[in-house]
Amino acid sequence: MDTRTTLPDLDRLNREGLKALIFSQQERLRTQQEQLLSREQEIEHLKLLLVRLRRMQFGCKSEKLARQIEQLELKLEHLECQGSEAVPPGEKESATAENANTGSAKKPGRRPLPGHLPRQIRKHEPKHQACPECGGQLRHLGEDVSEVLEYIPASFFVIRHVRPKLSCTACDVIVQAPAPSRPIDRGMAGPGLLAHVLTAKFSDHLPLYRQSEIYAREGVELDRSTLAQWVGQSSRLLDPLVNALRAYVTAGDKLHADDTPVPVLAPGNGKTKTGRLWTYVRDDRSAGSSEAPAVWFAYSSDRKGEHPQRHLREFTGILQADAYAGFNPLYEAGRIQEAPCMAHVRRKFYDLVEAHHSPFATEAVERIGQLYAIEKEIRGRPPDERREVRQKRSRPLLDSLHSWLQEGLTKLSRKSDTTAAVRYALGVWEALVRYCDDGRIEIDNSAAERALRAVVLGRKNYLFAGSDSGGERAAAIYSLIGSAKLNGLDPEAYLREVLTRIADHPVNRIAELLPWNVLPASVQASQPAA
């Protein structure tokens, strides 16, 4: 719109006319300034949306950095392969010695092969039975031993159970051993195969149809529908164990909670709807606890607040979560104490830094970073010690941050995204700083976000869950696999052990099969950091 106007002849205007003209021009200028400010705010908001959408599409910056590292590692691998090919076999030893003397292209030291791996001993006897020079007798002088790491592809095999029948010669009574129990009654899948299928689907994110194709290459035809039946029957068999896991998780005095969307195939029309997977993590290792960590997942067909309220109906203690309104009724009764996530506060400012390099947001991120530096120092210490350090060092930083945010709010436009980020932080401030007064509480909700990573990765491969019951099955297996990993166990070995024993295990002692109670050497894995 063309807002240009022609000025009247100022020499002919009287005093009142000049005043009216000035007021009119001032009003027009104010309107234009408001329009410009609104346009700038819209531009900043669109930039912020673009940053968030790019993050959703391409992953966060750390993921991009990880991909760059992978590319550099591939390039390094290529150069090292080229260097190895360039040295003739007979010259490798001399070249190695020369490099050692000059200090160039130093080869990394070879690590010893793991001691827990089984060894096959292959003896290579000399072809000579007597001295090749004089024919004299040979005596043992010693031996040279070298080890080579080898790999045999995973393979199927069949266990044939044979039960002889014996009859009494005097009274014709027949004696026979009882048939061994199976995870699936009259099913042909053993516990090891079932554990592999479950782990491949829910931990390695390999859909059943792809597994079917892989098994076919090994000469075993297993239809996707057969695998799906095994998953469903295994999930039903494991239900009592998942219930015991839920009881353990909700019996703690502090939980991390979060949720993520899961596309679910809607019945009848072939389209997808959006379900939710909720995660609840009990993990107090950062506060020096020796209690076993665990995670429990639950599925719901929507994101109504009634679901977490039902999940946590028996829980009493501290709930670390985002500012989702569905949790609010849990806090009103007083039995559950709110502890928000500082990472959510930081993320809102960080997005502003990425979008338009806001100086205010940059300073906010730096101030929050100082709080995280303190948390890194006291991770793993007892709650009383953590509280003491926080009161002495973190509390002054938080008080300064609070005053600075309030002061900044008076200088920012009410409609800007920066103002929205500040208002979010101030809106949860009372609960946000609660971690300074209680050493059990963490500064953020990262434990729950880490638990959801497997779901996010799997969601990219599955595209959608087949039904609401499929979402419930996924929640059950994610619970067991996630808890096994938190306790440093190989999830496939753990599921194999559980599926071997659960059919004959007394249900009133089902807690004996929880990950921290099943610790044979066959299910051990590297211990994750707290």
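Located above this text is the structure these notes cover.
A brief structural summary. Residue numbers here run from 1 along each chain, matching the order of that chain's written sequence. The predicted nature of this model means local features are confined to residues of pLDDT at least 70 and side-chain atom pairs, given and counted, to a pLDDT of 80 or more, with totals for whole chains, interfaces and linings taken over all residues. To get the side-chain values, take all heavy atoms of the structure and skip hydrogens and water.

By the criteria applied, helices consist of DSSP H or I runs no shorter than four residues and strands consist of E runs no shorter than two, each listed in order from the N terminus. Of the regular secondary structure elements, the protein holds 17 helices and 7 strands. Expressed as a percentage of its 530 residues, the buried residues of the protein come to 36%. Residues are treated as being in contact if the distance between any of their heavy atoms lies within 4.5 Å. For the protein, contacts bridging at least 24 residues in sequence account for 65% of all contacts bridging at least 6. Note on areas: Shrake-Rupley with a 1.4 Å probe; residue coverage comes only from the protein chains shown. Surface summary for the protein: the accessible area is close to 34100 Å², and the carbon and sulfur share equals 52%. The cut-offs for exposure are 20% and 50% of the maximum accessible area for each residue type, with area from a 1.4 Å probe on protein chains only; residues under the lower value are buried, those over the upper are exposed, and the others partly exposed.

Glancing now at the packing of helix α5 (residues 208-217) against helix α6 (residues 224-250). Direction vectors running N to C along α5 and α6 enclose 120°, while the axes themselves pass 9 Å from each other. The angle between α5 and α6 falls in the class oblique. Note that α5 runs across α6; the crossing there is right-handed. Here α5 contributes Leu 208, Tyr 209, Gln 211, Ser 212 and Tyr 215 to the contact with α6, which in turn contributes Arg 224, Leu 227, Ala 228 and Val 231. Amino acid classes used here: Ala, Val, Leu, Ile, Met, Phe, Trp, Tyr, Cys and Pro are nonpolar; Asp, Glu, Lys and Arg are charged; the rest, including Gly, are polar. Broken down by class, the residue content of the contact of α5 with α6 amounts to 6 nonpolar, 2 polar and 1 charged. The angle between two axes is taken between their N-to-C directions and runs from 0 to 180 degrees, where each axis is a line fitted to C-alpha atoms and a helix contributes only its stretch in contact. Oblique is the label for any angle not covered by the other classes, which are roughly parallel (under 35 degrees), roughly antiparallel (over 145) and roughly perpendicular (65 to 115). Crossing chirality is assigned from the near helix's rotation relative to the far helix, an anticlockwise turn below a right angle marking it left-handed and a clockwise turn marking it right-handed.

Attention now goes to the packing of aromatic side chains. Note on aromatic pairs: the rings of Phe, Tyr and Trp (six-membered ring only in Trp) are paired at centre separations within 6.5 Å, and the planes decide the class, stacked below 30 degrees, edge-to-face beyond 60, tilted for the rest. As enumerated under the stated definition, the model contains 8 aromatic pairs in all. Seen from their ring centres, Phe 297 and Tyr 478 are 5.7 Å apart, and the 45° between their planes marks the pair as tilted. Residue Phe 297 is located in strand β5 (residues 294-300), and its partner Tyr 478 is located in helix α16 (residues 468-486); the two are separated by 181 residues in the primary sequence. A relative accessible area of 5% means that Tyr 478 is categorised as buried. Centroid distance Tyr 324 to Phe 327: 5.4 Å. Interplanar angle 85°. Geometry classified as edge-to-face. Taking the relative accessible area as the measure of exposure, Phe 327 reaches 1% and is therefore buried. In textbook terms, an aromatic cluster arises when at least three aromatic residues are bridged by ring pairs, as seen for Phe 202, Phe 297 and Tyr 478. Criterion for a charge above a ring: Arg CZ or Lys NZ at most 6 Å from the ring centre, at most 35 degrees from the ring normal. Above the face of the Tyr 248 ring, Arg 282 is positioned so that its terminal group lies 4.1 Å from the ring centre. The ring of Tyr 424 has Lys 348 sitting right over it, with the charged end atom 4.7 Å from the ring centre.

So, about the pairing of β5. In the case of a regular strand, side chains alternate between the two sheet surfaces. Of all 7 residues in β5, 7 are buried; the element is thus mostly enclosed. Neither face of β5 is open: one carries Ala 294, Trp 296, Ala 298 and Ser 300, the other Val 295, Phe 297 and Tyr 299, and all of them are buried. Direction of pairing for strand β4 (residues 272-282) relative to β5: antiparallel, over a ladder of 7 bridges. Looking across to β5, one finds that Arg 282 is bridged to Ala 294. For two strands to be treated as a pair, DSSP must find no fewer than two bridges joining them.

Put simply, buried Ala, Val, Leu, Ile, Met, Phe, Trp, Tyr and Cys residues joined by side-chain atoms within 4.5 Å make one nonpolar core. Formed by 68 residues in total, the largest nonpolar core has its most connected members in Leu 238, Leu 241, Leu 319, Phe 327 and Tyr 494. At 10 residues, α6 tops the list of elements feeding residues into this core. Setting aside residues no more than four positions away along its own chain, Leu 238 makes contact with Leu 198, Ile 477, Leu 480, Val 498, Leu 499 and Ile 502. Among the nonpolar cores identified, the runner-up in size contains 32 residues, and Val 365, Leu 371, Trp 429 and Ile 441 belong to it.

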